[in-house]
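# Structural description and commentary
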Amino acid sequence: MRDRLKVLLLAGTQEARQLAKRLPEVLPAAKITASFAGAVTELPDLGLPTRIGGFGGGSGLADYCRSQDIDLIVDATHPFAVQMSRNAASVAEMSGIQIVRLERPPWEPQAGDRWQIVADLAEAATLLPARSRPFIAVGRKEIGRFYHRKDIDAVVRMIEPPEVPLPALWQLVLARPSREVGVEQEFLQSRAVTHVVAKNSGGHASYAKIEAARNLGLPVLLADRPELPKVPSFGSIEALCDAVRAL
Ligand code: NAP
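The following refers to the structure shown. Fair warning: this is a prediction, and the values are worked out from it, not measured in the lab.

Okay, the sheet that holds strand β9 (residues 171–174) next. With parallel pairing, the six strands of this open sheet are ordered in space as β6-β11-β10-β7-β8-β9. Edge positions in the open sheet fall to β6 (114–118) and β9, since each of these has one partner strand only. Here the strands of the sheet are splayed against their neighbours by 20° on average, with no regard to which way each runs. Bridge count between strand β8 (residues 155–158) and β9: four bridges; the pairing is parallel. Among the inter-strand pairings, V155 is bridged to a residue of β9, identified as Q171. Across the sheet, helix α5 (residues 181–190) lies against β7 (134–136), β8, β9 and β10 (195–199), angled at about 145° from β8, the strand it touches most.

So, on to the site of the ligand. The full set close to the ligand counts 23 residues, and S35, F55, H78, K141 and K199 are the nearest of them. With respect to the ligand, the backbone of H78 contributes an N or O atom lying 2.7 Å from an oxygen atom. In this structure, an oxygen atom belonging to the ligand sits 3.3 Å away from a main-chain N or O atom of V82. In isolation the ligand offers 800 Å² of accessible surface; the protein chains occlude 77% of this area. Looking at the shell around the ligand element by element, the count peaks at four residues for helix α3 (residues 82–95). Of the residues in the shell around the ligand, the class split is nine nonpolar, eleven polar and three charged.

Let's shift gears to helix α6 (residues 208–216). The complete set of buried residues in α6 reads A208, K209, I210, A212, A213 and R214. Turning to α6, the residues buried within the fold contact β6, β7, α5, β10 and β11 (219–223). The positive-phi residue at the C-terminal boundary of α6 is G217, with phi of around 70°.

The six strands lie next to each other as β3-β2-β1-β4-β5-β12, forming an open sheet whose pairing is parallel. In this open sheet, the two edge strands, each paired with only one partner strand, are β3 (50–52) and β12 (233–234). The sheet contact formed by strand β5 (residues 98–102) and β12 spans two bridges and is parallel. Each residue of the ladder has a partner; that of R101, found in β12, is S233. Seen against the sheet, helix α2 (residues 57–67) touches β1 (6–10), β2 (31–36), β3 and β4 (72–75) and runs at an angle of roughly 145° to β1.

Parameters at a glance
- Residues numbered from 1 in each chain as written.
- Predicted model: local features only at pLDDT ≥ 70, side-chain atom pairs only at ≥ 80, totals over all residues.
- Heavy atoms only, no water.
- Pairing = 2+ DSSP bridges.
- Helix = DSSP H or I, 4+ residues; strand = E, 2+ residues; numbered from the N terminus.
- Axes fitted to C-alpha atoms, helices over the stretch in contact; angles between N-to-C directions.
- Contact = heavy atoms within 4.5 Å.
- Near = heavy atom within 4 Å.
- Polar contact = N/O pair within 3.5 Å; in protein donor to acceptor, adjacent residues only side chain to side chain.
- Areas by Shrake-Rupley, 256 points an atom, 1.4 Å probe, with all protein chains shown as cover.
- Nonpolar A, V, L, I, M, F, W, Y, C, P; charged D, E, K, R; others polar.
- Buried < 20%, exposed > 50% of the residue type's maximum accessible area, 1.4 Å probe, protein only.

Now the structure itself:
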């Protein structure tokens, strides 16, 4: 007979860091293990037993959950981390494991925003005008979708450099987004940016660039949320914790 609830926390977001603190309070008897993809080398200490690296697809995740006797998966990955969320949902369904997802609400347009919603980054890449200087705020795994646009002069910011170097003349800035709108405004102005390309990630950590674009009257090509599998989802840490407590 099982003595302790075993929880797998799929991390990689600010919310996952908060959940790493809250879940042990909500489930004091549970054994909670956090998991990172390991996409960046500098990972925060979540204060929980942590594993790093992919599981090896759905079957690898299923094996892991079986070997660790996982009862509950808490998916706190990024809203655009589609593959991980799909794998987690299908393993949960096939193995009878409970699953909950933290789904941070998307950003909503405000007065002054000049958003063009696009289905995905590939569409954003086709819509950028020739000779524009877009600030392309996407990760190192996604920037390659813009490389065929040799006729733009892009500014790219990411935490670690892409595996395939940027096209010649594009500017690479290795940094995290600032939470201060003034800093983001100065960034866009000093580089004479004409467009912003971003994903509708929601949350606070990367919103300042959207506000900066609004203040500067810049058009934003904003990739819409991808469709994720239907699992019980919660818009806030506390709502998710309440649901977990009631399980
Ligand atoms: P993804 O496309 O859904 O995941 C690709 C693969 O990375 C998954 O199939 C899985 O490998 C592995 N993986 C992802 N999250 C993992 C986790 N928490 N623990 C163990 N393996 C994980 O996701 P992604 O867009 O590459 O994002 C990777 C991580 O970065 C996620 O944790 C996400 O929350 C975070 N992140 C993503 C974004 C974004 O815009 N996509 C932004 C900020 C942070 P296997 O199939 O081998 O298991």
